[in-house]
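Now for the letters of each chain:
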Amino acid sequence: MTITVVRRSHTLLLALALAGCQQPRINWQELPDDVFVAGPAVAFEVGGKGSAKELALAVDKLPGGGQQISGLELFKLVDDRLTKVQFQIEKDRLLGTFTAGERYLFHFPMNRSTIAKYTLFCRVQTVYLRFDPFEESFLGNRLCPVILCPADPYFANDLLDQFPILRRFPDEFGEGELGGMRIEPIGSGLGFGNICDQCFGRNWDIIRIPVCERPLRRCWVQQGPGPNTLGQVENITNREVVGAINAVTPHPTDADIMYVGAVNGGIWRTNDATAANPNWANQTDNEQSLSIGALEFDPTDSTNQTLVAGTGRFSSLARQGGNRIGLLRTTNGATWTEIDGGGTIDGLNISGVAPRDATIVVSANTADTLGNRGIWRSTDTGALFTQMSGAAGSGLPVGPSFDLVGDPNNNSRLYTNAGGNGIYRSDNTGATWTKVSNATMDGLISSFGNVEIAVGSNQNVFVAIVQGSTLAGLFRSPNSGGTWTALDLPQTTENGTTYGIHPGGQGRLHLSIAADPSDDNVVYIGGDRQPCFTENFGCRHPVIPRWPNSVGATDFSGRLYRVDASLAAGSQATPMTHTGTASSSSPHADSRDMDVRADGVLVEGDDGGIYRRTTPRSNTGNWFSMNGDIQTTEFHNISWDAVNDIVIGGAQDTGTPQQVNENDVTWQSVATADGGDVAVDDTSTPGRSVRYSSSQFLGNFRRRVYDSTNTLQSQVFLNLAVVPPAPIGNPPVAQFYTPIELNNVNATRLIVGAGNSVYESLDQGNTVSEIGVGITANDRLGNDAIAYGATGNANMLYVGSGTRVFIRNAAAPAALTASATYPGTAQVVDIAIDPGVPNTAFVVDNANVFHTDDGGATWTDVTGNLGTLNVGTVRAVAFRGSGIVAAGGGDLVAVGTDNGVYSAGATTFDVWAEHSCNLPNVPVYDLDYDPVDRVFVAGTFGRGAWVLHE
């Protein structure tokens, strides 16, 4: 944000905050008289004498260019509290009554304003600046850019990007060194206060930049992946993947502009979609939900600036995600407003949207209240919605609606399904509906399946129907649903068995369809994955190789087809991957959405990201990644490597990626498929790190050793042989995500939380012993509810199983015993131990935090005010011990939640607040704290990995 002060008869004191946080009250006495801290906001004190009728500020990079700023609020400090005051904006002037000595705060709608409205003041990175705006040398110039007390690396690097001239001062402004920078007052020789003179050659003796006397906390910094290379695609440059994209929405006329909605990563826009590596900008990081189910342009807006997105949970990981908050709408293609119809569409899992000026129609395939499934309609731009499914006179039966699409040549015409009752069409923008499907189609449609609809340029309509979990029918109508013809179902024969487009049986989620705008007979359809050649043997035939299959696939990549209704039955379907391309290319598996750009290129969203297919109507084209720098990975598990200062994580459907270099957003896959639990030993051998990882069900469980240059030294695949005293014939039974936990004292020891028992290894996983017969450690969608070892007792072990906590305080054969006093009644989600105090641990379920300081003999509920902070479900817990010298100091417990990270400090651990700043409003499924580097790592479920250096 750039603030330019226009000449008026006032002296202003400004403070720009570079990050936001929350604190319940303002205590001005804690701040210097001439310093105000806010975020994101501008605080000022009116100088001079008497009163003024106007202040003049021109604010760049805000909606309306500072002239019509939607959501801008003005507060005055009255009796130590912020009181909202009225004002008007006229061009570059702020109109009101302002008296000398009064203190005000502008609050810009750049963060979660509903939470932070009265809690804006806190100690964060701040600009301290006093100046006289009448000085002619100041007018017309930007503020001096060197206006920060100790800054986080993210802001520092961004500063260098915005002001390249600063790079000529490498000694003072080296990247990565700004975190500990101190600003000295002007006149102190080579202090940073003189950088303005050095940059601009002016004498800024009016500016005062005070020495920072107290530490200011840093913010979370994004680490990627963006993208992740060596992913599960074929013959695509670098084999790029990032994370699931649920909606792809090209601009109607400009092929360079495109929007996508990530499964749990929000809405992104690119202005160079035709580039080899598009640049993407996230637009919704601070909205209440980043879980996007549908995204469409409003065709009634001739400027193509109006879009509407529907929120919903569509993750391949058990449909997990953020809140179902209704809709997000933009009228300028950049800033979004939440629409929930006064709460009427809260809780809908929105599968389709059809915005038409003041009329907005949405479909829901499920909902918090099942009776709310189906079609909803608003005629007042979302102020109020009415459920049309089952409404008298609507013609639309009750039931879930899996899709909602419009006719590109008739804005009033819409199509949907009504549960298992068939396909329906509306010719008056959803007010009334008429059934248009035939009996054959109706017999295939089920309330427990899936339906996707595509409408072409000349009243041609295509409908794909999934029955159960696989494609059961594909139909075409040349006349808006008047008559229908069944088309070929794409299929191949592998080793004597026939498979359709859903060999993985995921048709209820992974189905996409797009009508070609230039050929009324052609439709594109996508399913889940390729079948291996020995699919009928579970891809494990002892003699026959599983690859290649009949279309030339050599991996479980995408399965997409072109179907041409003009061809004879039996020959209509052609693969669009492998043998159906020029270079045997294929995108990631698990297709979700397809559309055709203005330049005729097909774009597809799937669990790996965004891909494009050139010349889709022939076999001469290829698949290319469009992932660019988008960052939408769904991490369920995360770890930090203090030897190499990099992150490794287990991700939903994009394997186990790890950073190649420190702070590098380009990652590389260790393994593909669904990434399993990860763990890093960075303490047992100086200069070496040992990383444990696997695929789902502990597949290819491996131990990798890296040196301090992040170079792989060795790799061993672990078989987890059981040794006495465990009985023979009782080996570990893997869970989908099998928890792995290393010992905090001796990291060559590890715990394996199998589906049948708890196992312990004393030799880096070479062998294991059964130590908890019949105890199943909760895997909780990737979290590992295990804490193991602390100084003074390396054998201390806590394991969450169901709603109970099992504890062992001595070496085997000492038993894991359930804590009789543990008060929790919900499934244990995660456990953290104080690595310096074995009897101190924290246990979280989905809503509560419990603390013991006597090894589980007694427990204290320390949930405190956490439930009042709109955190949603609690997902993870981490502990920072008192031996850590860090900002804030002392013991601290942090939890990952549906809406970020929150922490509470000693000694009661029950007063919670948002932990630092800059983290998107995204579910945090795992937290790791590394005491060596003093760094928190957050594995978010949709926005990749983030780190916070303390």
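Our structure's up above, just so we're on the same page.
As the structure is a prediction and not an experimental result, all values here were calculated from the model.

1. Observations concerning the overall build of the protein chain
Within the protein chain, the secondary structure is distributed over 5 helices and 70 strands. Considering the protein chain as a whole, with its 950 residues, one finds that 58% of them fall into the buried category. By sequence separation, contacts in the protein chain at least 24 residues apart represent 57% of the contacts at least 6 residues apart. Accessible surface, the protein chain: about 33,800 Å² in total, of which carbon and sulfur atoms supply 48%.

2. Quick notes on unusual backbone geometry
The omega torsion of the bond from Gly 224 to Pro 225 falls at 0 degrees, within 30 degrees of zero and hence cis. Mapped onto the fold, Pro 225 is located in the loop between β11 (221-224) and β12 (228-229). Residue Ala 812 is joined to Pro 813 through a cis peptide bond whose omega torsion reads 20 degrees. With respect to the helices and strands, the residue Pro 813 is situated in the loop between β58 (804-808) and β59 (817-818). In this structure, Leu 720 takes a positive phi of about 55 degrees despite not being glycine. Mapped onto the secondary structure, Leu 720 falls in the loop between β50 (712-717) and β51 (721-722). With a phi close to 65 degrees, Ser 916 is a non-glycine residue in the positive phi region. Relative to the helices and strands, Ser 916 is located in the loop between β67 (912-914) and β68 (924-930). The buried category is assigned to Ser 916, whose relative accessible area is 4%.

3. Quick word on the pairing of strand β48 (residues 688-695)
The buried count for β48 comes to 7 of 8 residues, which makes it a mostly enclosed element. Strand direction decides the pairing type here: strand β47 (residues 679-681) and β48, joined by 3 bridges, are antiparallel. Bridge assignment links Asp 681 to a residue of β48, and that residue is Val 690. Here β47 hands over to β48 after 6 residues, with Gly 687 in that stretch at a positive phi of 75 degrees. For β48 and strand β49 (residues 699-707), the ladder comprises 7 bridges, and the chain directions are antiparallel. Within the sheet, the bridge partner assigned to Val 690 lies in β49 and is Val 705. The antiparallel hairpin formed by β48 and β49 contains 3 residues in its connecting segment, where Phe 697 sits at a positive phi of about 55 degrees.

4. Looking at the nonpolar core
Counting residues in hydrophobic clusters, the biggest one holds 21 residues, and the most contacted among them are Ala 464, Leu 474, Leu 511, Ile 513 and Ile 525. For this core, the secondary structure elements donating two or more residues are β30 (461-467), β31 (470-477), β35 (512-515), β36 (522-526) and β37 (560-564). The leading source of residues in this core is β30, at 3 residues. Each residue touching Ile 513, except ones within four places of it in the same chain, is listed here: Glu 452, Ile 453, Ala 454, Phe 462, Ala 464, Leu 474, Val 523, Tyr 524, Ile 525 and Met 594. With 17 residues, the next largest nonpolar core counts Ala 832, Val 871, Val 893 and Val 895 among its residues.

5. So, the sheet that holds strand β21 (residues 348-356)
Within the open sheet, the 4 strands sit side by side as β21-β22-β23-β24. Their pairing is antiparallel. Looking at strand neighbours, the two that pair on one side only are β21 and β24 (386-387), the edges of this open sheet. Sheet topology note: the strand β23 (residues 374-378)/β24 ladder contains 2 bridges and is antiparallel. Each residue of the ladder has a partner; that of Arg 377, found in β24, is Thr 386.

6. Re the side chain of Asn 921
As for its placement among the helices and strands, Asn 921 is situated in the loop between β67 and β68. For Asn 921, a relative accessible area of 6% translates into the label buried. In this structure the side chain of Asn 921 is engaged in a polar contact, spanning 2.7 Å, whose partner is the backbone oxygen of Glu 287. Among the polar contacts listed, one links the side chain of Asn 921 to the backbone oxygen of Gln 288, at a separation of 3.5 Å.

7. What to know about the sheet that holds strand β60 (residues 830-834)
Across the sheet, 4 strands lie side by side as β60-β61-β62-β63; this open sheet has antiparallel pairing. A single partner strand is all that each edge strand has here, and the edge strands are β60 and β63 (860-861). As paired elements, strand β62 (residues 849-852) and β63 share 2 bridges and run antiparallel to each other. Its bridge partner lying in β63, Phe 850 is registered against Asp 861.

8. Quick notes on the packing of aromatic side chains
Under the counting rule described, the total for this entry stands at 12 aromatic pairs. Arranged with centres 6.3 Å apart and planes meeting at 35 degrees, the rings of Tyr 692 and Phe 701 form a pair that is tilted. For the pair Tyr 692 and Phe 701, a shared accessibility class is recorded, and that class is buried. Taking the centre distance of 5.3 Å and the plane angle of 75 degrees together, the rings of Tyr 822 and Phe 850 count as edge-to-face. Taken together, the residues span a long stretch of sequence, with Tyr 822 in the loop between β59 and β60 and Phe 850 in strand β62 at a distance of 28 residues. Across this residue pair, the class does not change: Tyr 822 and Phe 850 are buried. Feature note: the residues Phe 697, Phe 736 and Tyr 737 constitute an aromatic cluster, connected by ring pairs. The aromatic ring of Tyr 706 is capped on one face by Arg 691, whose charged end is 3.7 Å from the ring centroid.

9. Quick look at the pairing of β60
By the criterion of burial, β60 is predominantly enclosed, with 5 of the 5 residues buried. Both faces of β60 are covered, namely the face carrying Asp 830, Ala 832 and Asp 834 and the face carrying Ile 831 and Ile 833. Note that β60 and strand β61 (residues 837-844) share 5 bridges and pair antiparallel. When the sheet's bridge partners are listed, Ile 833 is paired in β61 with Ala 841. Adjacent in sequence and paired antiparallel, β60 and β61 are bridged by 2 residues.

10. Focus: the state of the cysteines
Tallied over the full model, the rule gives 1 disulfide. Disulfide pairing is shown between Cys 532 and Cys 539; the S-S distance is 2.0 Å. The chirality of the disulfide connecting Cys 532 with Cys 539 is left-handed, given an S-S dihedral of about -110 degrees. Here Cys 532 falls in the buried class, since its relative accessible area comes to 0%. Using a relative accessible area of 12% as the deciding quantity, one classes Cys 539 as buried.

11. Some remarks on the pattern of salt bridges
Within this structure, the stated rule accounts for 13 salt bridges. When the shortest N-O distance is used, the salt bridge between Asp 607 and Arg 592 registers 2.6 Å. Taken as a pair, Asp 607 in the loop between β40 (602-606) and β41 (609-613) and Arg 592 in strand β39 (residues 591-596) lie far apart in primary sequence, 15 residues in all. Considered together, Asp 607 and Arg 592 belong to a single accessibility category, that of buried residues. Across the pair Arg 597 and Asp 599 runs a salt bridge whose closest N-O atoms are separated by 2.8 Å. With relative accessibility at 5%, the residue Arg 597 sits in the buried group.

12. Things to note about the environment of Ile 740
Checked against the element boundaries, Ile 740 lands in strand β52 (residues 740-742). Distance in space between the C-alpha atoms of Ile 740 and Ala 754 is 9.1 Å, their sequence separation being 14 residues.

13. What to know about the environment of Arg 943
For Arg 943, the location among the structural elements is in the loop between β69 (935-940) and β70 (945-949). On a C-alpha basis, the gap between Arg 943 and Gly 265 in space is 5.2 Å, while along the polypeptide they are 678 residues apart. Discounting chain neighbours no more than four positions away, the residues touching Arg 943 are Gln 222, Gly 265, Trp 268, Asn 282, Asp 285, Leu 290, Gln 631, Thr 632, Thr 633, Pro 920 and Val 922. Here the side chain of Arg 943 touches Asp 285 through a polar contact of 2.7 Å, side chain to side chain.

14. Quick notes on the environment of Asp 599
For Asp 599, the location among the structural elements is in the loop between β39 and β40. Setting aside anything within four residues of it in sequence, one finds Asp 599 in contact with Ala 255 and Thr 274. Of the polar contacts made by the side chain of Asp 599, one reaches the side chain of Arg 597; its length is 2.8 Å. Separated by 3.2 Å, the side chain of Asp 599 and the backbone nitrogen of Val 601 make a polar contact.

Cut-offs used in this document
Position labels on residues start from 1 in each chain and follow its written sequence. Only residues with pLDDT of at least 70 get local features here, since the model is predicted, and only at 80 or more are side-chain atom pairs given and counted; chain-wide, interface and lining totals rely on the full set of residues. Calculation of side-chain values draws on the structure's entire complement of heavy atoms; hydrogens and water are dropped beforehand. Secondary structure follows DSSP: runs of H or I at least 4 residues long count as helices, runs of E at least 2 residues long count as strands, and numbering of each begins at the N terminus. Burial status follows relative accessibility: with a 1.4 Å probe on protein chains alone, a residue under 20% of its type maximum counts as buried, one over 50% as exposed, and anything between as partly exposed. It only takes one pair of heavy atoms within 4.5 Å for two residues to be counted as in contact. Using the Shrake-Rupley algorithm and a 1.4 Å probe, accessible areas are obtained, with residue cover drawn only from the displayed protein chains. Strands were regarded as paired on the criterion that DSSP finds at least two bridges between them. The definition of a nonpolar core used throughout is a set of buried Ala, Val, Leu, Ile, Met, Phe, Trp, Tyr and Cys residues joined through side-chain atoms within 4.5 Å. Any N or O atom pair separated by 3.5 Å or less is treated as a polar contact, with the protein-specific requirement of one donor-capable and one acceptor-capable atom, and with residues adjacent in sequence counted only for side-chain atom pairs. Here is the rule: rings of Phe, Tyr and Trp (six-membered ring for Trp) pair when centre to centre is within 6.5 Å. Planes less than 30 degrees apart are stacked, more than 60 are edge-to-face, and the remainder are tilted. Any Lys NZ or Arg CZ that is within 6 Å of a ring centre and within 35 degrees of that ring's normal is treated as a charge sitting over the ring. Counting rule for disulfides: a pair of cysteine sulfur atoms within 2.5 Å. A carboxyl oxygen of Asp or Glu within 4 Å of a side-chain nitrogen of Lys or Arg is what we treat as a salt bridge.

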